[in-house]
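Summary of the model geometry
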Amino acid sequence: MRDALEIPRWALLLTVLLTFLLFLSLLIVFFLPTQASGSEADGINFDKPTKEWYQGPVRYIITRQEVKAYKALENEIDRQNFIDWFWQRRDIVPETPQNEFRDRFEQRTFEATRKFNFTTKPGWKTDMGKIYILVGPPDEINSDLMGKSHRGIVTWVYRRPPFPDLNANTVVAFARDPSGDFVVSTSPTMDSDVARGLRFRREKMTVDGQMLVPGLADPVYTNAGAPVYQSELQTMMTLGRLQQLPPKEEELFKSFVAAKEYYGSIPLDSRVDFYQSGKEGTYTTITVGIRSSSVQYRARGGKEVPDVVVFGKLVNKERPAEVYPLASDTSFAEADDNVQASPSELLIFQATGAFRPGKYQLILGVQDKVSQKVSAYRRDVDIPDFTGDALRLSSITLAGSLEPMETIASLGKPFQLGKFRLVPRPNNTFHKDDELDIYFQVYNPAVDASTGKPRLDVLYLFRSSNEDGTYKDLGTYPVKDSGGQVQGYAVPLDKWPVGSYQVLVTVKDKVSNNAISSSAEFVIRP
């Protein structure tokens with residue numbers, strides 16, 4: 001007969017299995033390092049325009065002037081513009097599409113968060129994390145985490161530190177404090193001592209038979225390769241130096257950083273025009289105008305000339321990872337007439353490119369290199385799709401200069417479209433002594449079988465703008481039986497009254513009997 005007290009076999013097996021699982025869980029908790037989870041990594045704020053953004057990892061590289069300027073911003077758009085400009089001026093290789101400094105900064109921050117998670121404090125906030133982010137990983141790491149009389153000591157050695165004033169084999173020591181965190185220390189032997197303050201006095205402590213002498217380097221430093229003659233004050237200065245940006249990067253950033261009163265102080269106008277591209281995407285021209293009186297000039301070649309940099313990027317609003325950078329000094333070309341611009345005229349710059357149709361945000365940055373004034377702007381841009389067979393028109397581009405060229409320019413050259421040199425007016429504002437130049441292209445017209453060319457009637461209708469938003473027709477200018485898909489019309493403005501106007505362009509395809517219209521607004525000033 002079975003003993004009533006006998007444990008069933010299935011219960012015994014279940015007990016053994018549960019005991020094994022519990023033992024395995026304890027091993028994971030106590031002996032394996034905790035990895036930073038994806039949500040924790042994603043929680044590190046590099047570019048979200050929150051009020052506390054400057055308190056994130058950027059605290060190690062942001063200047064006091066920038067903190068003051070950022071705290072003064074009152075809305076999210078201004079803060080986002082500031083953050084974009086913050087990273088842009090730290091791009092150490094601006095001619096490449098990537099921002100190498102930012103990529104390196106983010107990578108080091110993520111690595112610091114993963115490596116230095118000794119306590120609940122995020123790794124990037126620790127002393128180890130700060131030095132790792134600013135200076136980079138050390139060449140040698142020595143760890144003594146299970147000492148008999150101390151909580152733990154770690155030394156880092158930089159064989160060639162990026163600081164000319166520091167010696168080769170620069171040593172930085174970290175002592176584990178009562179919370180379990182490793183803090184930078186000039187006297188790690190004392191700072192990690194479990195009995196510190198109870199019964200030992202510093203001058204009586206020894207490390208491997210070496211006496212701790214007040215004012216001289218801790219034996220932990222000398223054992224790791226620091227000079228024997230290095231004093232505690234020198235050690236303190238070295239540790240302070242390692243918690244700063246390397247001098248080459250620091251000097252580079254200082255040359256770009258502007259005080260708060262300069263931020264956002266350069267007025268800017270912009271216009272975006274769209275044309276059909278022979279390749280994938282829509283050919284887009286981004287024209288920027290800066291009033292010449294808002295920047296300072298420098299002497300160059302016996303002349304006073306402006307020294308302005310314009311850069312930017314297009315960010316797809318539906319696919320934020322899709323970014324078209326316009327970030328280098330040469331991305332925005334300068335119009336030839338800039339050197340002759342009067343104080344009331346605009347300095348004009350342009351960037352071009354073929355971009356995928358869609359909804360974008362255009363982010364622009366401007367720097368006056370003479371005064372160090374900076375500005376950042378953003379606007380929404382809808383890039384149209386010109387594919388298909390329907391009758392279409394490009395943007396109605398209003399220009400201050402439209403001149404024919406002897407040769408056809410290749411697509412992509414700023415201020416050049418086909419056989420024309422075209423300088424759009426960014427603010428669509430003209431003076432009475434200007435000429436209004438209208439340019440547009442016609443796509444997919446039907447072809448007359450007898451001539452092999454389109455037959456287009458083009459009508460320009462000019463209207464004045466009333467205060468209530470309505471328009472008053474002023475007159476028309478017709479072009480009959482045109483065979484050209486590129487259209488242009490010049491209008492002298494000397495007899496036009498000051499005011500706001502609209503030009504409505506209607507193109508009728510006489511072969512297919514289809515028609516299409518588009519318009520553009522402009523202003524005339526004295």
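Residues numbered from 1 in each chain as written. Predicted model: local features only at pLDDT ≥ 70, side-chain atom pairs only at ≥ 80, totals over all residues. Heavy atoms only, no water.

**Thoughts on the overall build of the protein**
The helix and strand inventory of the protein stands at 10 helices and 27 strands. A buried classification covers 44% of the 526 residues belonging to the protein. Residue pairs in contact within the protein that sit at least 24 positions apart in sequence constitute 63% of those at least 6 positions apart. When the accessible surface of the protein is totalled, it reaches about 28300 Å², and 53% of it is carbon and sulfur. (Helix = DSSP H or I, 4+ residues; strand = E, 2+ residues; numbered from the N terminus. Buried < 20%, exposed > 50% of the residue type's maximum accessible area, 1.4 Å probe, protein only. Contact = heavy atoms within 4.5 Å. Areas by Shrake-Rupley, 256 points an atom, 1.4 Å probe, with all protein chains shown as cover.)

**Concerning a negative patch on the surface**
Among the surface-exposed residues, Asp337, Glu345, Asp433 and Asp494 lie close enough to one another that they form a single negatively charged patch. Structurally, aspartate 494 is set in the loop between β25 (486-492) and β26 (499-509). (Patch = residues over 30% accessible without salt bridge, like charges linked within 9 Å, V, L, I, M, F, W, Y side chains within 5 Å. Salt bridge = Lys/Arg side-chain N within 4 Å of Asp/Glu carboxyl O. Lys, Arg positive; Asp, Glu negative; His and termini not counted. Charge placed at Lys NZ, Arg CZ, Asp CG, Glu CD.)

**Regarding the pairing of strand β3 (residues 170-176)**
Taking burial as the measure, the 7 residues of β3 include 6 buried ones, the bulk of the element. Bridge count for strand β2 (residues 153-158) against β3 is 6 bridges, and the pairing is antiparallel. Bridge pairing links threonine 155 to alanine 173 in β3. By the bridge criterion, 4 bridges tie β3 to strand β4 (residues 182-185) in an arrangement that is antiparallel. Across the sheet, residue phenylalanine 174 finds its bridge partner in β4, namely valine 184. (Pairing = 2+ DSSP bridges.)

**Description of the environment of tyrosine 501**
Here tyrosine 501 lies in strand β26. When its relative accessible area of 5% is taken as the criterion, tyrosine 501 is described as buried. Filtering out sequence-adjacent residues up to four positions away, tyrosine 501 remains in contact with Arg463, Ser464, Ser465, Leu474, Trp496, Ala520, Glu521, Phe522 and Ile524. In terms of polar contacts, tyrosine 501 uses its side chain to reach the backbone carbonyl oxygen of proline 497, at 2.7 Å. (Polar contact = N/O pair within 3.5 Å; in protein donor to acceptor, adjacent residues only side chain to side chain.)

**Things to note about helix α6 (residues 127-135)**
Most of α6 is tucked away: 7 of the 9 residues are buried. Burial in α6 covers these residues: Met128, Gly129, Ile131, Tyr132, Ile133, Leu134 and Val135. Each element contacted by the buried residues of α6 is listed here: α5 (100-115), β2, β3 and β4. Note on α6: the residue one or two positions beyond its end, glycine 136, has a positive phi of about 105°.

**Quick word on the confidence of the model for the protein**
One rule of thumb: low pLDDT means the predicted coordinates there are not for detailed reading. Of the residues in the protein, 80% reach a pLDDT of 70 or more, and the chain-wide mean stands at 81. Taken element by element, the protein is modelled with least confidence in helix α2 (residues 38-42), mean pLDDT 40, and with most confidence in β26, mean pLDDT 97. Under a pLDDT of 50 for its full length, residues 26-42 has, in the predicted model, 10 contacts with residues more than four places off or in other chains. The low-confidence segment residues 206-211, where pLDDT is below 50, has 11 contacts with residues more than four positions distant or belonging to other chains. (pLDDT = per-residue confidence, 0-100.)

**So, the nonpolar core**
Counting residues in each nonpolar core, the largest one holds 46 residues, and the members touching the most others are Trp53, Ile61, Phe86, Trp87, Trp156 and Val172. Breaking this core down by element, the ones donating at least two residues are α3 (64-71), α4 (76-88), α5, α6, β2, β3 and α8 (219-224). Among the elements that make up this core, the one with the highest residue count is α6 (6 residues). Excluding residues that lie within four positions of it along the chain, phenylalanine 86 makes contacts with Trp53, Val58, Ile61, Ile62 and Glu66. Leu268, Phe332, Ala351 and Ala399 belong to the second largest nonpolar core, which has 33 residues in total. (Core = buried A, V, L, I, M, F, W, Y, C linked by side-chain atoms within 4.5 Å.)

**Details of a nonpolar patch on the surface**
Residues Leu233, Met236 and Met237 make up a contiguous nonpolar surface patch of about 340 Å² in total accessible area. By the secondary structure assignment, methionine 236 is in helix α9 (residues 232-241). Judged by its relative accessible area of 46%, methionine 236 is partly exposed.

**Comments concerning the packing of aromatic side chains**
Under the counting rule described, the total for this entry stands at 30 aromatic pairs. Where tyrosine 460 meets tyrosine 477, the ring centres are 6.2 Å apart and the plane angle is 45°; that geometry is what we call tilted. With tyrosine 460 in strand β23 (residues 456-465) and tyrosine 477 in strand β24 (residues 471-482), this residue pair connects regions lying 17 residues apart in the sequence. On the accessibility criterion, tyrosine 460 (0% relative accessible area) is buried. These aromatic residues form a ring-pair network of at least three members: Phe46, Trp53, Tyr54, Tyr70, Phe82, Phe86, Trp87, Phe101, Phe105 and Phe110. Here the guanidinium or amino end of arginine 90 rests over the ring plane of phenylalanine 86, the centre of that ring lying 3.8 Å away. (Phe/Tyr/Trp six-rings, centres within 6.5 Å; stacked < 30°, edge-to-face > 60°. Lys NZ or Arg CZ within 6 Å of the ring centre and 35° of its normal.)

**Description of unusual backbone geometry**
Of note in this structure, asparagine 169 is not a glycine but carries a positive phi near 60°. Along the chain, the position of asparagine 169 falls in the loop between β2 and β3. Phi is positive for aspartate 481, which is not a glycine, with a value near 50°. Here aspartate 481 is to be found in strand β24.

**Considerations on the sheet that holds strand β1 (residues 140-144)**
Taken together, 4 strands build an open sheet; the order of strands is β1-β2-β3-β4 and the sheet is antiparallel. Lying at the two open borders of the sheet, with one neighbouring strand each, are β1 and β4. Between one strand axis and the next, the sheet turns through 25° on average, direction left out of account. Pairing analysis gives 5 bridges linking β1 to β2, with the strands arranged antiparallel. Paired with isoleucine 141 across the bridge in β2 is tryptophan 156. (Axes fitted to C-alpha atoms, helices over the stretch in contact; angles between N-to-C directions.)

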